[in-house]
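Examination of the molecular architecture
These are the residues of each chain, in order.
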Amino acid sequence: MSIRIRSLGVLLAGTAACLSPQAAQAMQAPRQSYDLPAQDLGDALRRVALLADIELYVSAPSIAGKTAPALRGELTLREAIEALLAGSGLTARFEEGSVIILSSAGAPAAPTSEPAAIVVTGSRIAGAPAAAPVIDISAEDIRNAGHADLGEVARSLPQNFGGGQNPGIGNTQGAANENVNANGASTFNLRGIGPNATLTLINGKRFAYSSVNSVIDVSAIPIAAVDRVEIMADGASAIYGADAVAGVVNILLKRDYDGVSTSVRLGASTDGGNFQQQYNLLGGSAWSEGGIIAAYDYSRGTAIRAKDRSYAGANNPDSTLYPDLSRHALLLSGHQSLGGGVTLAADLIYKRGRMKSATGFTVAQPLRNAGLEARTEFETFGFAPTLSADLSGSWKLNVGAFFGTDTTDGLSQNYSGGAPSSATARHFFNRNIAVEAGLEGRLFDLPAGAARLALGGGYRINRFSSKIGTRSFARSRRNHFAYGELLLPLTSPDQHIALAYRASITAALRYEDYSDSGDIVTPKLGFVYDPIKQLRLGVSWGRSFKLPTLYQQYSGYSALLVPVGGFGQGFPAGSTIAYALGANDRLGPERSENWTFSATVRPLSGLALTASYFRIDYKDRVAPPLASGAGVLDNPIYADLVTRNPAPALLDTIFDGADGGLQNITGAPYDPARVVAFLDARDRNVARQKYRGVDVAVRYDAALGSNRQLSLNAGATWLDSSQQLLTGLPVTDLAGTIFHPAHFRARGGLTLSGNNFSLSAFLNHSGAVTDNRRPAFIQIKGSTTIDLTGRIKLAKGTEIALSAQNLFNSKPAPIFTTSPFDTPFDTTNGSAIGRFLSVTVRHDW
């Protein structure tokens, strides 16, 4: 089950003042067998709540640094909770299906603090039930899986697809607008729509965009500072604004940590290359009115070269299949109560790193005789302060700001004949500034509880500049926004209505005004219905949008003059055609309509089964309107792209605006009288894509006695997606084809844990895809891998973990390539890493 920890001030404002006798009686029975050691009070309370299948509400500062006594015997829930709280200065209030931890005076514990966790359920209203399933990945889950950073967490999710080998992108693979990765960033890519269509937050806040994409690099966040990750794979632009087409990912940092923790991780791929070193330092202090944590992470991984992999024989031996990557990351996060219900909090992130890669143009010659070496350096900074205040009448005010920058500098050096030839420098710079204010609180009372309202607004500006060789541009995008969201509870457990245990409706509306795209309004509706306590049904509908990146929109286009040739028939000899391709400053927003239908059933204590159906109708996607120019002048489908017998003035305007002016490849002087047509093949809002599928998940936690627990966690996704480039053209498959997500992905695992150990095993499967690039289609086999992780505590505060990822060394299937430059496998669905073995030593001081 999902245990939610929220601020008590918000919870108590929305619940009845007195506990019903029926609820109190329910908390007394039945008795449960407990065998828990003395441990952190928060961990003990969560364990008891998990076993009892109830929701726990407690503020983190109230339990920070407190230890619970050992708990053994046959006890009711009330007896167990009260035994854990003995001597802590805290008491418990029991309601049907939940327990609330209070101060000894009966007031909410630490009422002036912010919520102990920001829960992303696609809502701005604290405590609003989620109409779409929320995936919760804890720090313990991350350690049990043997993951070293959040990029590995993202790549392990069945709902997430690489969109290209992440952080290294294969050559000549996938759509350039989605698979560009200029600085080794790791990103989430829900549903395989593209990383720009997944909104990623840190503690509920946007951070600086990375390189040419409107994403954040999750590898910039030290893994030691992460408390958990929450993922909602449902459109949420009405709540959060642009980019939340496929869903929202919220990375939640540890809030209160007392002490110092260090860790060292060493590992390598057994086939060669990819030797990884990682060093973490985490320190923090918590006090009654606040806390601070600081984390530092250094990681270095060597390159994987073609000579290290048996399936890369068609490549130059020194070509890299995975980049050499090093990174320093620093994080600071703190909060302080200022009194009077006012709290100040802030998060700061800094990352600096380097990436090196190489590509040989031939197989036999040394790479520096005919090849390319690329070196990239990157730096990210972000600072996000927040001021919150508890107002009268259960209302809460939040005011936040953000300032962040991301810089990428690179140099691509070509070699010919054993000496350097041409070189191209790259520079990308993002600067993001935002301010936002919001109110949330009780609007009025209904029989089922309080109706709640959230409203707010803000201003954002994104500045992007790019320089590639001699081509450069700089642009800014500004937007104002306002939002409102309403929660209406329809029934509640306290009403004891048959087949209506709990029900509620949420409605949201968001208005945005962009400097280069005009006004955008997005609505969202959610309905949650629990006919009985053990069953939850949810329906979510909404509209979302994504703006083209500034690089997509303003990076410039090329203009060419070519013989009319195969473009059309029946033209006089010597006729030419002018055409433009590349970025387009007239691009507008991409828009989607999202539906999610879900059901979660909890038939047994500790067991949750979830299934959901999703559908995304995504239109106005930015894409080049032509796959090929063959016959375009004779095909009425492309009439909107063609201007016949263009005026010389129009041609002059097109040529003058192009990067480098007109590129005349006709072999004859430019003569406007011979130009029979102008073909505008620049990117447009033309493509329509449809995504639909099913997610299933199982989570089961069972106490085995002797302080041992068995946990089962499994999930799978079936995805079907298609695209129509222009009206009148055929619909083509996306999912299940090369360089796109497989139809089916799954991951499931078991974890056996005790006081001093844990053992985890995971099975991963990705389905086959079809290589449809040639007339004879070829099926590329899927992959099945097994991961093992074991953790053991050797002494007080010391833990050693051994991990084997891809234990049986499954290798990606080789694919057809046309040159040694091409990556020899499908990097969207496969990886060159192979079997990876690692050891991690951690000590809590």
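Residues numbered from 1 in each chain as written. Predicted model: local features only at pLDDT ≥ 70, side-chain atom pairs only at ≥ 80, totals over all residues. Heavy atoms only, no water.

A short note on the confidence of the model for the chain
For the chain, the average pLDDT comes to 88, and 91% of its residues sit at 70 or higher. Across residues 1-29 the pLDDT falls below 50, and counting only partners more than four positions away or on other chains, this stretch makes 76 contacts in the model. (pLDDT = per-residue confidence, 0-100. Contact = heavy atoms within 4.5 Å.)

Description of the environment of E436
Mapped onto the fold, E436 is located in strand β21 (residues 419-446). Sequence separation between E436 and A401 is 35 residues; the distance between their C-alpha atoms is 6.2 Å. Discounting chain neighbours no more than four positions away, the residues touching E436 are R124, N398, V399, G400, G457, G458, F481 and Y483. Among the polar contacts listed, one links the side chain of E436 to the side chain of R124, at a separation of 2.9 Å. (Helix = DSSP H or I, 4+ residues; strand = E, 2+ residues; numbered from the N terminus. Polar contact = N/O pair within 3.5 Å; in protein donor to acceptor, adjacent residues only side chain to side chain.)

Section: the pattern of salt bridges
A full pass over the atoms with the stated rule returns 40 salt bridges. For D771, the salt bridge identified is with R773, shortest N-O distance 2.8 Å. In this structure R773 comes out as partly exposed when scored by relative accessible area, which is 38%. (Salt bridge = Lys/Arg side-chain N within 4 Å of Asp/Glu carboxyl O. Buried < 20%, exposed > 50% of the residue type's maximum accessible area, 1.4 Å probe, protein only.)

Here's the deal with the side chain of S156
Examined against the element boundaries, S156 turns out to sit in helix α7 (residues 150-156). A polar side-chain atom of S156 sits 2.7 Å from the main-chain carbonyl oxygen of V153. Not counting residues within four places of it along the chain, the set of residues in contact with S156 comprises H147, R745 and R747.

Focus on the packing of aromatic side chains
Taken as a whole, this structure holds 16 aromatic pairs when the rule is applied. With a centroid separation of 6.4 Å and 10° between ring planes, the pair formed by F428 and F464 is classed as stacked. In this pair, F428 is assigned in strand β21 and F464 in strand β22 (residues 449-468), connecting sequence segments 36 residues apart. Note on F428: relative accessible area 4%, which makes it buried. By relative accessible area, which is 2% here, F464 ends up buried. Each ring, one from F567 and one from Y579, has its centre 5.9 Å from the other, and the planes form 45°; the classification is tilted. Of the two residues, F567 is situated in the loop between β27 (557-563) and β28 (576-582) and Y579 in strand β28; the sequence distance between them amounts to 12 residues. Under the relative-accessibility criterion, Y579 is labelled buried at 18%. Through pairs of rings, three or more aromatic residues link up here, namely F428, F464, F473 and Y551. Sitting above the plane of the Y483 ring, R124 keeps its charged end 4.4 Å from the centroid. Above the face of the Y557 ring, R682 is positioned so that its terminal group lies 4.6 Å from the ring centre. (Phe/Tyr/Trp six-rings, centres within 6.5 Å; stacked < 30°, edge-to-face > 60°. Lys NZ or Arg CZ within 6 Å of the ring centre and 35° of its normal.)

Things to note about the environment of Q277
Along the chain, Q277 falls in strand β13 (residues 276-287). Owing to a relative accessible area of 25%, Q277 belongs among the partly exposed residues under this scheme. Note: C-alpha distance between Q277 and S838 (561 residues apart in sequence) is 9.6 Å. Ignoring any residue separated from it by four or fewer positions in sequence, one finds Q277 in contact with R265, L266, Y298, S299 and R300. Polar contacts involving the side chain of Q277 include one to the side chain of Y279, which spans 3.0 Å.

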